[in-house]
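# Observations on chain architecture
In case you want the letters, here they are:
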Amino acid sequence: MALFSKSKNDKAWQAGNSLPKHVAIIMDGNGRWAKKRGLPRTAGHSAGAETFRKIATYCKDLGMDYLTVYAFSTENWKRPQEEVDAIMQLLEKYLLESIEKMERDGIRLKILGDTEPLSDKLKALIERTDKISSEINGFQANICLNYGGRDEIIKAARKYAQQVAEGRANDIDEKEFSSYMYSDGIPDPDLIIRPSGEIRTSNFLLWQSAYSEYYFTDVLWPDFDEAELDKALDAYSKRSRRYGGV
Ligand code: FPP
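All values derive from a computational prediction rather than experimental measurement.

### Points about the nonpolar core
Here is a general trend for soluble globular proteins: nonpolar side chains tend to be buried in one another's company. Among the nonpolar cores identified, the biggest contains 46 residues, and F52, L67 and L229 are the most heavily contacted of them. When sequence neighbours within four positions are dropped, the list of residues in contact with L229 reads I55, Y58, C59, L62, M64, I193 and F224. If you look at the next biggest cluster of nonpolar residues, it comprises eleven residues, including I26, Y147, I186 and L205.

Shown next as structure tokens:
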């Protein structure tokens, strides 16, 4: 019956101005998803990488500007070597496949984090995706890799210290300090989503999330799909963002 059908108009955030420009996601729950199926944790990460692909395409099609995902934190090196290697291989595979398609699809890719300890192969792939991204316009997917919010702030503080040494301590405002972050030039996320039932930020975008809206869901990341993103966007569209005002 038409009365109960889910028409496009139900997506108020699509018709109005409430579609966030920048959504960030903590891709959590891959391990539990795999365990539930009697599979190795790495199978959960493979499924999670596919979900990322699907959600990035959906965000682009909806007309968002940025999607940022947390793929590997500065703390994730503590995981078993086999799991770390599997995640790095998935990232290599993803970047390699993307290089061929980025131009065609108009998707820019940026890695946010400390790339220094990464393999030479990954570093070379990042360099290539950076180059292609600088030549195209459009939707940008940011992948946080060896990323930690505190690590990022410490690195920014070191840049600040250099400015202090040059006598500029009082000149540095929030805008300039923001430019010391990996996310230089990227607007702060409007909405941060964490699936899998965990209700914490886990060192993700500490500086950038000052006024972000949060959305938590019990769905595990590999099961997250377009309909789940719709639910998050729907919740976001009902929030009133006041940025400390009234
Ligand atoms: C957290 O789930 C997930 C990670 C630490 C890895 C995320 C990596 C990917 C999805 C693959 C590579 C990404 C791209 C963009 C190609 P968890 O393992 O902590 O899950 P659990 O809490 O259920 O154990």
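### Quick notes on the side chain of S73
As for its placement among the helices and strands, S73 is situated in strand β2 (residues 66–73). A relative accessible area of 7% means that S73 is categorised as buried. In this structure, S73 is in contact with N146 and Y147, ignoring residues within four places of it in sequence.

### Points about the site of the ligand
Residues in contact with the ligand amount to 19 residues; listed here are only the nearest, G31, R32, R41, H45 and R79. In this structure, G31 approaches the ligand through a main-chain N or O atom, which is 3.1 Å from an oxygen atom. Contacts to the ligand include R79, whose side-chain N or O atom sits 2.8 Å from an oxygen atom. Contact with the protein chains removes 92% of the 630 Å² of surface that the ligand exposes when unbound.

### Remarks on the packing of aromatic side chains
Any two aromatic rings considered together are summarised by their centre-to-centre distance and by the angle between their planes. Considering all chains together, one arrives at twelve aromatic pairs under this definition. With 4.5 Å between their ring centres and 15° between their planes, Y70 and F204 make a pair best called stacked. Residue Y70 is located in strand β2, and its partner F204 is located in the loop between β5 (191–194) and β6 (213–216); the two are separated by 134 residues in the primary sequence. Residue classification places Y70 among the buried residues on the basis of a relative accessible area of 8%.

### Re the pattern of salt bridges
Scanning all chains against the criterion turns up 23 salt bridges. Measuring nitrogen to oxygen at the nearest pair gives 3.3 Å for the salt bridge that ties R53 to E50. Of this pair, R53 and E50 both sit in helix α3 (residues 41–62), separated by three residues, roughly a single helical turn. Taking the relative accessible area as the measure of exposure, E50 reaches 41% and is therefore partly exposed. A salt bridge links E213 to R239, with the shortest nitrogen-to-oxygen separation between them at 3.0 Å. On the criterion of sequence distance, the pair formed by E213 in strand β6 and R239 in the segment after α8 (226–237) is long-range, its members being 26 residues apart. Residue classification places R239 among the partly exposed residues on the basis of a relative accessible area of 31%. When salt bridges that share partners are traced, they join D28, R32, R194, E198 and R200 into one network.

What counts, and where the lines are drawn
- Residues numbered from 1 in each chain as written.
- Predicted model: local features only at pLDDT ≥ 70, side-chain atom pairs only at ≥ 80, totals over all residues.
- Heavy atoms only, no water.
- Core = buried A, V, L, I, M, F, W, Y, C linked by side-chain atoms within 4.5 Å.
- Buried < 20%, exposed > 50% of the residue type's maximum accessible area, 1.4 Å probe, protein only.
- Contact = heavy atoms within 4.5 Å.
- Helix = DSSP H or I, 4+ residues; strand = E, 2+ residues; numbered from the N terminus.
- Near = heavy atom within 4 Å.
- Polar contact = N/O pair within 3.5 Å; in protein donor to acceptor, adjacent residues only side chain to side chain.
- Areas by Shrake-Rupley, 256 points an atom, 1.4 Å probe, with all protein chains shown as cover.
- Phe/Tyr/Trp six-rings, centres within 6.5 Å; stacked < 30°, edge-to-face > 60°.
- Salt bridge = Lys/Arg side-chain N within 4 Å of Asp/Glu carboxyl O.

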